[in-house]
Amino acid sequence: MIFRILPVALALSSCAHRVSAQQPPTWQVPPKLVVGIVVDQMRADYIYRYWDNFGDGGFKRLVNDGAFLRDAHFDYAPTYTAPGHASIYTGTSPALHGIVGNDLFDRKLGRDRYCAEDTTRKTVGMAGGVGQRSPINLLATTLADELERRTERRSRTIGIALKDRSAIFPIGRTGDAAYWFGGGPDGAFVTSTWYTNELPAWLQRFNAERPAVKHLANTWDLLLPRERYHEVLPDDNPYEMSLTGTHTPTLPVDLKALYTSSGSTGIITYTPWGNTLTTDLALAAMEGEDLGMDGITDLLAMSYSSPDILGHRVGPRALELEDMYVRLDRELERLFKALDQRVGDGRYTVFLTADHAGVDVPAYLKDLKGSAGYVDLTALRAELEQHLQGRFGAGPWVSGILNEQVYLNDTLIVVRKLDPEVVQRATAQFLVRHPDIAHAYAATDLLWSDHSSGIGRALQRGFMVQRSGDVAFVMRPGYFERFGSAVGKGTTHGSPWNYDTHVPIFFMGQGIQHTEVVRRTSITDIAPTLSMVLGMTMPDAASGTVVGEVLRR
Ligand SMILES: [Zn+2]
């Protein structure tokens, strides 16, 4: 009776209250699987340029169903693959996670050292040194590490990529496994004794099928009619390097002939089938590891390396590159369909981003009368050495130049009883007199003063005093180091300019709201945002901000 005389509004509200009290908060029902997808060297503008050639189930599904962060950037330099993957998954920048480049300059050895090199480990799955790798240089936790803690180590956390560094850093030091492409005649995927002493049975079966060799039976020709592509130059143009073993940078390419003549599956890494192979491995890992099959969240961190490997050779406007993205779009559709089927639509969460972007071929920009070009760092080093000798006496003063940073000879500075700051500043002052250098900072100024904007901020966030150089510099927009024999062809990345920092970020699936975010966001926001979806602590050094607009609540 009492219930009956309650006012209608009150009865409804108390009823609504009871219903919501029975529904657990979204973060108490986390997704069964998180799939992180990195597309190596993907620029944000590829979404706009290639839109009309995408199908409905790949990039367009991310835009139409998910959240698209349109002004997302790397907020540091150097913008390279290893720092990129480490930053995405740690939610912080190289200053704190320690992966300051693909190569680190070892002052004790006086030479460069690969960021994932670990000679105390052995290759698993193949003879040779391709597996002598580990995340030993990583100094902060990743999403994988935190997920393992959140689930009392019951999560399956797996990293896969053609490139070892792209498989290793996302999984952190305490994730389960990372697998990468070993190349050679059979094209097996391998790992390191850091993770295990034997490949899992599912990967042994996968390798035994020799999928790379099978894909190399293809001829690479355009997927769509030529007139649907956006390249305005002829396929054969002077800004592209041809694939190893071919004479012109043109399609079609007979992959079987290249495989037969080289005897190595390495050629697949330049082709769209490098991406196919990566999807194949992702699907095999999902099945072999039962990813997303129980109530405990798993993580599959995958990275498509081929867009970068091809992109370096042909630049961002090549016909070959557009064809690779059109085909990658179909790979994403295959991946999402498999996830729908295995895990269930709406029961997994995906994010997709890039580890850096890339610049137009400087020679092409120059020919358009743009401001662009190449800096000869070997000549620059010799001039700098001469300058420092003129000022401080006999050298050598320069130990190396790496990642747009000058490493000075610390031993000599101590022997001559010089103040390191004085030598650093003399170096920086010399560098900024070069017409193609925009700015230079002494390490001491990056260490002790706080740069809150612009290039200074980007360099500071990418700089770790124990591992980085003594002077960091930035070339002008459109310029990069003159390297190799093919000057004027192909591209690279590494700078703090928008063409290297601006990448797409997408979230889609469980816990995600369909939306478009146009305010400026950072790559370091991904890990904190996913920590909210997963109801867990953030990676320990994460410095990004949660992108609240994308959370479904
Ligand atoms: Zn690259």
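Scroll up to find the structure.
Note that the structure is predicted; figures quoted are calculated from it, not measured.

*Asks:* Honestly, unusual backbone geometry in this entry has me stumped. Any pointers?
*Replies:* The linkage connecting A77 with the following residue, P78, adopts the cis geometry, with an omega of 10 degrees. Within the secondary structure, P78 is located in the loop between β2 (67–73) and α4 (81–90). The amide bond that connects L251 to the next residue, P252, takes the cis arrangement and shows omega of 0 degrees. Examined against the element boundaries, P252 turns out to sit in the loop between β9 (219–220) and β10 (253–254). Here R153, not a glycine, exhibits a phi torsion of approximately 65 degrees, which is positive. Taking relative accessible area as the criterion, R153 reaches 58% and is therefore assigned exposed. Here E404, not a glycine, exhibits a phi torsion of approximately 55 degrees, which is positive. Its location among the elements puts E404 in the loop between β14 (398–402) and β15 (405–408).

*Asks:* Honestly, the coordination of the zinc ion in this entry has me stumped. Any pointers?
*Replies:* A four-donor tetrahedral metal ideally has 109.5 degree angles, and a six-donor octahedral metal ideally has angles of 90 or 180 degrees. Each protein donor to the zinc ion is listed here as D308 (OD), D308 (OD), H312 (NE2) and H493 (NE2); together their distances run 2.1 to 2.6 Å. Given four donor atoms and angles of 54 to 158 degrees at the metal, the environment of the zinc ion is assigned as irregular. Read in sequence order, the donor residues coordinating the zinc ion give the pattern D-x3-H-x180-H. Note that D308 is positioned in helix α12 (residues 306–314) and H493 in the loop between β18 (479–481) and α20 (498–501), a separation of 185 residues in sequence. Residue D308 is classed as buried on the basis of its relative accessible area of 3%. Looking at H493, the relative accessible area reads 6%, which means it is buried.

*Asks:* I would appreciate a short explanation of the sheet that holds strand β17 (residues 471–475) in the present structure.
*Replies:* For sheets, the rule is that strands pair by backbone hydrogen bonds, running either parallel or antiparallel. Read across the sheet, four strands follow the order β14-β15-β17-β16 without closing on themselves; strand pairing throughout is antiparallel. Two strands in the sheet have a free side with no partner beyond their single neighbour: β14 and β16 (437–442). Pairwise comparison of adjacent strand axes, ignoring direction, gives a mean angle of 20 degrees for this sheet. The sheet contact formed by β16 and β17 spans five bridges and is antiparallel. What sits directly across from A440, in β17, is F473. The sheet strands contacting helix α15 (residues 377–392) are β14, β15, β16 and β17, and the helix crosses β14 at an angle near 150 degrees. Sitting on the sheet, helix α19 (residues 454–461) is in contact with β16 and β17, with an inclination near 50 degrees to β16.

Cut-offs used in this document
- Per chain, residue numbering runs from 1 following the sequence as it is written.
- Per-residue local features of the predicted model are confined to residues with pLDDT of at least 70, and side-chain atom pairs are confined, for both listing and counting, to 80 or more; whole-chain, interface and lining totals are unaffected and use all residues.
- Remark: hydrogens and water are excluded; side-chain values derive from all non-hydrogen atoms of the structure.
- Numbering goes from the N terminus for both helices and strands, where a helix is a DSSP run of H or I of at least four residues and a strand is a run of E of at least two.
- Three exposure classes are used, based on accessible area relative to the maximum for each residue type with a 1.4 Å probe and protein chains only: buried under 20%, partly exposed in between, and exposed over 50%.
- Only nitrogen, oxygen and sulfur atoms qualify as donors, and only when within 2.8 Å of the metal (3.2 Å in the case of Na, K and Ca); with water excluded, sites may look incomplete.
- Tetrahedral means four donors with every angle between 85 and 135 degrees, whereas square planar (four donors) and octahedral (six donors) require angles over 155 degrees between opposite donors and between 65 and 115 for all others; sites fitting neither are termed irregular.
- Strand pairing is assigned whenever DSSP detects at least two bridges linking the two strands.
- Angles here are taken between N-to-C directions and fall from 0 to 180 degrees, while the axes themselves are lines fitted to C-alpha atoms, restricted in helices to the stretch in contact.
- The contact criterion used is simple: two residues touch if any of their non-hydrogen atoms lie within 4.5 Å.

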